[in-house]
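# Examination of the molecular architecture
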Amino acid sequence: MTELETQAAISDEIAAIGKAYDAAGAVETQPRTDYPPYRSSLLRHPTKDLHHADPEGVELWAPCFGERDIDPLEADLTIQHGGDPVGERMVVTGRVLDGDGRPVRRQLVEVWQANAGGRYVHKRDQHPAALDPNFTGVGRCLTDDQGVYRFTTIRPGPYPWRNHRNAWRPAHIHFSLFGTEFTQRMVTQMYFPGDPLFALDPIYQSVVDPVARERLVATYDHDLTQPEWSTGYRWDIVLTGSHRTPLEDA
Amino acid sequence: MTTATPGQTVGPFFHYALPYAGDRDLVAPGTPGAVRLHGTVRDGAGAAVPDALVELWQADPQGRVVQQQGSLRRDGHTFTGFGRASTDRTGEYTFTTLPPGGVDGGLPFFALTVFARGLLNRLFTRAYLPLSGAAPDALLGSVAEDRRPTLLCEPDEHGYRFDVRLMGEGETVFLRYPGH
């Protein structure tokens with residue numbers, strides 16, 4: 001690509017896809033892998049329908065992670081260096097549930113994110129914002145017996161990318177999740193309520209259903225906020241693909 | 001029934017977060033019986049994908065599903081059945097592992113998950129060990145014959161090759177499990 005397209009051109013594409021989705025009337029709950037406004041997806045999505053498979057053998061099980069794998073301190077992204085990181089300290093917590101609403105217990109949750117200035121500790125991040133010597137932006141934890149994960153971190157900033165001219169990602173935290181079986185493995189991103197960049201962002205908008213998109217947005221929770229210390233956000237995650245017979249209704 | 005949270009791309013910046021020391025070595029290289037499972041991840045133009053991540057989950061050689069901790073901090077002795085390998089500049093991923101046995105009489109396969117920048121949701125597939133005359137199982141039998149080879153490992157000098165084609169000519173058969 002020689003010249004980057006404008007935000008207006010990308011926004012028009014996003015709007016056209018949304019309009020066609022509304023007209024079609026079928027409900028989608030996952031992102032489209034074929035979503036041209038996200039230019040990096042153009043050559044990286046299957047063109048054939050996914051092939052139906054009944055899970056068998058190892059697919060009915062998930063890898064087992066535990067106390068041997070993770071230090072409890074890895075859940076606090078603000079204490080990994082000599083000093084306090086710059087930015088809004090916050091707690092992010094929620095439950096990991098399976099497709100039937102049951103807690104996913106003692107399972108691995110991994111997160112990574114940009115710092116408060118929107119800069120990743122990654123050699124390929126060219127954003128000319130300051131690195132924070134006190135913030136790496138990587139955390140891990142195990143869910144507890146109620147399926148609850150909890151991280152202490154700082155609020156990431158939005159950052160520019162080169163999908164199109166003046167493209168900015170809404171602030172987000174990457175989440176990597178395992179369920180009780182292999183088929184539930186997923187990676188996603190958590191966003192913050194009311195972000196003005198939502199409408200402009202082709203990755204967020206690749207989930208074409210507005211109700212489904214909302215499932216990626218955390219809720220500010222004042223009861224989680226701690227006086228003179230940190231803000232609090234709550235975000236529950238429901239995994240796909242439980243092999244168990246789905247409940248009729250709930 | 002609760003509706004699943006949408007997936008999103010792993011993005012370009014996972015390398016400082018998801019890879020870890022020993023991630024691709026389910027057993028130490030040189031372990032008796034160890035094999036290499038490797039391959040190249042390619043895009044719709046046939047170009048190597050240098051920013052993909054492949055995860056492996058498998059039974060042990062006796063066909064047992066392992067439920068042992070220690071995948072993230074390997075002790076050098078416990079086989080956990082899980083591994084993770086980011087692709088290099090040439091799009092190649094590599095695992096050092098043991099060949100899986102068939103579980104409950106099924107054909108032996110490696111279960112794989114593929115993530116990449118540009119890929120908006122993870123993809124699942126199976127890398128079956130070479131059939132060596134065995135009859136296709138239900139899944140292989142349900143795949144058109146011309147696409148079946150995309151699910152089969154090819155034997156090579158050190159173990160197996162399994163290339164992943166995200167799109168286009170020779171596109172890998174990716175799986176949708178019930179509930180997806």
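Quick look at the structure, then. (Residues numbered from 1 in each chain as written. Chains lettered and ligands numbered in written order. Predicted model: local features only at pLDDT ≥ 70, side-chain atom pairs only at ≥ 80, totals over all residues. Heavy atoms only, no water.)

## Overview of the packing of aromatic side chains
Residues and elements named next belong to chain A. Using the criterion set out here, one finds 22 aromatic pairs over all chains in the structure. With centroids separated by 5.8 Å and ring planes inclined at 55°, the aromatic side chains of Y38 and W161 adopt a geometry described as tilted. Of this pair, Y38 sits in the loop between α1 (7-24) and β1 (51-52) while W161 sits in strand β6 (residues 159-161), placing them 123 residues apart in sequence. Relative accessible area serves as the criterion here: at 1%, Y38 is assigned to the buried category. For W161, a relative accessible area of 17% translates into the label buried. (Phe/Tyr/Trp six-rings, centres within 6.5 Å; stacked < 30°, edge-to-face > 60°. Helix = DSSP H or I, 4+ residues; strand = E, 2+ residues; numbered from the N terminus. Buried < 20%, exposed > 50% of the residue type's maximum accessible area, 1.4 Å probe, protein only.)

## Thoughts on the pairing of strand β3 (residues 82-86) of chain B
Among the 5 residues that make up β3 of chain B, 5 are buried, leaving the element largely enclosed by the rest of the structure. Side chains of β3 of chain B alternate between two faces, with F82, R84 and S86 of chain B and G83 and A85 of chain B buried alike.

## Focus: the side chain of E171 of chain B
Inspection of the secondary structure puts E171 of chain B in the loop between β9 (164-165) and β10 (175-176). For the buried E171 of chain B, no salt bridge is present, and the opposite-charge side chain at shortest range is R147 of chain B, 4.3 Å distant. A polar atom in the side chain of E171 of chain B sits 2.8 Å from the backbone nitrogen of K48 of chain A. When neighbours within four sequence positions are excluded, E171 of chain B is seen to be in contact with P46, T47 and K48 of chain A together with R147, T150, R165 and L166 of chain B. (Lys, Arg positive; Asp, Glu negative; His and termini not counted. Salt bridge = Lys/Arg side-chain N within 4 Å of Asp/Glu carboxyl O. Polar contact = N/O pair within 3.5 Å; in protein donor to acceptor, adjacent residues only side chain to side chain. Contact = heavy atoms within 4.5 Å.)

## Points about unusual backbone geometry
Non-glycine residue R106 of chain A carries a positive phi angle of around 50°. Residue class for R106 of chain A comes out partly exposed when judged on its relative accessible area of 36%. In the Ramachandran plot, D104 of chain B falls in the positive-phi region, its phi being about 50° despite a non-glycine side chain. Within the secondary structure, D104 of chain B sits in the loop between β4 (92-97) and β5 (109-116).

Geometric values such as these leave the question of function open.
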